[in-house]
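Each chain is listed here by its residues.
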Amino acid sequence: MQKLKNYIHGQWVSSHATEYVDVINPASQEVLAQVSAGTVADVDAAVQSAEKAFATWRRIPAGKRIQYLFHLKRLLEENIDELSKTITLESGKTYAESKAEWIRAIENVENACGIPTLMQGDFSEDIAVGIDEYMIRQPVGVCACISPFNFPGMIPFWFLPYAIACGNTFIIKPSEKVPLTMARVMELVDQLNLPAGVINMVHGGKAIVDGMLEHPGIRAISFVGSSTVAKYVYAKGAANGKRVQAQGGAKNPVIILPDADLDMTSQIVVDSVYGCAGQRCLAASTIITVGEHARITESLVELSRKRSTGFGLDEGVQMGPVITAASKARVNSLVEKGVSEGGRLLLDGRNAKVPGFEKGNFIQPTIIEDIPLDGELAATEIFGPVMSLVHIKTIEDAIAYINNNKYGNMACVFTSSGLNARRFRNEADAGNIGINIGVAAPVAQFPFSGWKDSFFGDLHGQGKHGVEFFTQTKVVIERWLKEWTRKF
Ligand code: NAD
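Below you will find a few notes about this structure. (Residues numbered from 1 in each chain as written. Predicted model: local features only at pLDDT ≥ 70, side-chain atom pairs only at ≥ 80, totals over all residues. Heavy atoms only, no water.)

### Thoughts on the overall build of the chain
Inclusion rule: Per the convention used, a helix needs a DSSP run of H or I reaching at least four residues, while a strand needs a run of E reaching at least two, with both numbered from the N terminus. Relative accessibility decides the category of a residue: with a 1.4 Å probe and only protein chains considered, values under 20% of the type maximum give buried, values over 50% give exposed, and everything between is partly exposed. Only heavy atoms enter the contact rule, under which two residues are in contact if any of them lie within 4.5 Å. Note on areas: Shrake-Rupley with a 1.4 Å probe; residue coverage comes only from the protein chains shown. As used throughout, the charge tally considers Lys and Arg to be positive and Asp and Glu to be negative, leaving His and the chain termini uncounted. Each charge is placed at NZ for Lys, CZ for Arg, CG for Asp and CD for Glu.
Counting secondary structure elements, the chain contains 17 helices and 22 strands. Across its three principal axes, the chain shows a C-alpha extent of roughly 85 × 65 × 40 Å. Going through the 488 residues of the chain one by one, you find that 58% of them count as buried. Nonlocal contacts in the chain, meaning residues at least 24 apart in sequence, comprise 73% of its contacts between residues at least 6 apart. A total of about 19800 Å² of accessible surface is found on the chain, and carbon and sulfur atoms cover 52% of it. Computed over 48 positive and 52 negative side-chain charges, the inter-centroid distance for the chain is 5 Å.

Here is the structure:
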């Protein structure tokens, strides 16, 4: 069985750990490889490499640094088919979903190629007679990224291209559940002929995360994962003097107003709830109808029932399994919880059977109606293919309910009224808003703007926020004209 190696200082090296865990195909339970649990010594080796590389990398002009990114973009595009299959094998999502992930990742590489302009500073001449003041942006040093299982390819690219284009060096820790994707990416990185140590990768779990949070050589940490771990990473990273951006979990509400286009709305909502088997931080979870709801309910149930579940590389499959057997058990028990709280099952996908993949972690589309809004299920991130359908009388009450939610990753409204849409945009307490959109995922030029318990920090991933996070400002006040100044 292949034991995955770390990529440090341009070399493939074994972990110092003795403990390894299986990487499992969630559709078949086949063991694909083994990944180390990681040790502090692995982190230290990566930091030493990245620190060494930083001294020279930061002096290479930005225009030259981005040439490596142009090359990386080409390599990602040339290998997109194989990279997508790797994501499907280890995460379970469909091939189309995996490919869409790479397109988003590549967009971030393209956007970071604008760093020579994006990281320009500001200049004010004569802030006093003969004195100029300016601000320049400099890289912060060694930066690290800790990523979750659900987007093994895209999420490291919310950070990596910006970090290195700005002159930092970088260490990636992929999720130990899906380490094969970034392992393949590192093989492509290896072809770039980057100076050794600019990009490193260490595998592992909590031991690596804690090692990174405590290592004095790491200056900035980008985290994406559940809110509990995001909060922990944010607090511990800050206590150790690091910059931290920590994106957390979600429970995304969608309001459907009576004037929404029925066909378009139900199709988009169903795609949002069940895409990636509901394992997206922007998956619609609580669907709130306002006013009459018989027709929309019928349409949502019909479309959900038709969705085909299976192995993500098989033709016609629209939804894969959830990531682990434990995840499946957790989602099933949350559905049970909803029922015990008084919810009614309109569709129950808990006994999913996929011929040829009997051991897979499959759950078919599930809809539970009328769960209590103050109950446990309504407040819990399910992260599985489950729609909670609730009915609220007015838009005011629906917005108030959303604003009571502890998460603030995304909120959407479906309507044909510009006035209601504007009001929703203005009043809803969430950082990513969809108006007749089911997955309001910002493109690379915009920050991925979670709020409340969905984000801990100040500067989000992607776009100009990425450039600010990966640079520190230096302000210079300068006088040269000593004799000349006296005349004034
Ligand atoms: P997770 O929090 O379990 O793991 C994320 C990372 O943290 C992994 O690399 C893991 O190794 C590490 N980790 C796990 N437990 C840890 C601990 N106790 N101490 C230190 N490190 C630990 O998350 P996941 O299950 O991989 O991903 C799913 C979660 O991520 C969901 O909650 C989802 O909403 C969230 N997510 C959020 C966004 C966003 O942009 N806000 C995007 C994708 C996923």
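Next, the rest of the story.
### Quick word on the site of the ligand
Note the cut-off: Nearness of a residue to a molecule or strand requires only that one of the residue's heavy atoms be within 4 Å of it. Identification of polar contacts relies on pairs of N or O atoms within 3.5 Å, with a donor-acceptor requirement for protein atoms, meaning one able to donate a hydrogen and the other able to accept it, and with residues adjacent in sequence counted only if both atoms are side-chain atoms.
Surrounding the ligand, one finds 27 residues, the nearest of these being Glu-176, Ser-226, Gln-247, Gly-248 and Glu-381. In the environment of the ligand, an oxygen atom lies 2.9 Å from a nitrogen or oxygen atom belonging to the side chain of Lys-173. At 2.7 Å, a side-chain N or O of Glu-176 approaches an oxygen atom of the ligand. Of all the secondary structure elements, the ones that give two or more residues to the shell around the ligand are helix H8 (206-214) and strand E10 (218-224).

### Points about the environment of Asp-263
The residue Asp-263 is located in helix H10 (residues 262-274) in this model. For the pair Asp-263 and Asn-409, spaced 146 residues apart in the sequence, the C-alpha separation amounts to 26 Å.

### Structural notes on the packing of aromatic side chains
Stated formally: Ring geometry is summarised as follows: Phe, Tyr and Trp rings, the Trp one being its six-membered ring, pair when their centres sit within 6.5 Å, and such pairs are stacked at plane angles under 30 degrees, edge-to-face over 60 and tilted between the two. Consider the ring centre and the ring normal. A charge sits over the ring if Lys NZ or Arg CZ is within 6 Å of that centre and within 35 degrees of that normal.
For the structure on display, the rule yields 11 aromatic pairs. Pairing Phe-469 with Phe-470 gives two aromatic rings, centres 5.1 Å apart and planes at 85°, and the pair type is edge-to-face. Each of the two residues, Phe-469 as well as Phe-470, counts as buried. Ring pairing ties together the aromatic residues Trp-158, Phe-159 and Phe-448, which thus form one cluster. When the ring centre of Phe-151 is taken as origin, the NZ or CZ atom of Lys-93, which lies over that ring, is 3.7 Å away.

### Notes on helix H1 (residues 40-57)
Residue pairs spaced three or four apart in an α-helix point in one direction, given the helix's 3.6 residues per turn. Put simply, the rule reads: Expected span, for any helix, means 1.5 Å times one less than how many residues it has. Starting at the helix axis, one direction is taken to each C-beta atom, and the arc is that of these directions.
With 18 residues, H1 ought to run about 26 Å at 1.5 Å a step, and its terminal C-alpha atoms sit 25 Å apart, in line with that. Restricting attention to buried positions, one finds in H1 the residues Asp-42, Val-43, Ala-46, Val-47, Ser-49, Ala-50, Ala-53, Phe-54 and Trp-57. Taken around the axis of H1, the buried residues stretch over an arc of 165°, which confines them to a single face. H1 presents Val-40, Lys-52 and Thr-56 as exposed residues on the side facing more than 90 degrees away from its buried surface.

### Looking at the pattern of salt bridges
Applied cut-off: Counted as salt bridges are all cases of a side-chain nitrogen of Lys or Arg within 4 Å of a carboxyl oxygen of Asp or Glu.
For the coordinates displayed, the defined rule picks out 20 salt bridges. Between Arg-305 and Glu-302 there is a salt bridge whose closest N-O contact spans 3.7 Å. Of the two residues, Arg-305 and Glu-302 are both situated in helix H11 (residues 294-306); the distance of 3 residues between them amounts to about one turn of the helix.

### Considering H10
Between its terminal C-alpha atoms H10 stretches 18 Å, which fits the 18 Å expected from 13 residues at 1.5 Å a residue. Among the structural elements, strand E12 (252-256), strand E13 (284-290), H11, strand E15 (366-369), strand E16 (386-392) and strand E18 (410-414) are those in contact with the buried residues of H10. Between the side-chain oxygen of the N-cap and the backbone nitrogen of Asp-263 there are 3.3 Å, and the N-cap of H10 in question is Asp-261. Remark: Cys-276 follows H10 within two positions and exhibits a positive phi of approximately 55°.

### Regarding unusual backbone geometry
Positive phi, normally seen in glycine, also occurs at Phe-383, with a value near 55°. Positionally, Phe-383 belongs in the loop between helix H13 (376-379) and E16. Judged by relative accessible area, which is 16%, Phe-383 ranks as buried. One non-glycine residue with positive phi stands out, namely Asn-436, at about 60°. Take Asn-436: it is sitting in the loop between strand E19 (432-435) and strand E20 (451-452). Residue classification places Asn-436 among the partly exposed positions, given a relative accessible area of 23%.

### Topic: the sheet that holds strand E5 (residues 122-128)
Rules: We call two strands paired when DSSP finds no fewer than two bridges between them. Fitting a line to C-alpha atoms yields each axis, with helices limited to the stretch in contact; the angle taken between N-to-C directions then spans 0 to 180 degrees.
The strand order E5-E6-E22 describes an open sheet built from 3 strands, whose pairing is antiparallel. For this open sheet the edge positions go to E5 and strand E22 (471-479), each flanked by a neighbour on one side alone. If you compare each strand with its neighbour and ignore which way they point, the axes differ by 25° on average. Note: strand E6 (residues 131-139) against E22, 9 bridges, orientation antiparallel. When the sheet's bridge partners are listed, Asp-132 is paired in E22 with Glu-478.

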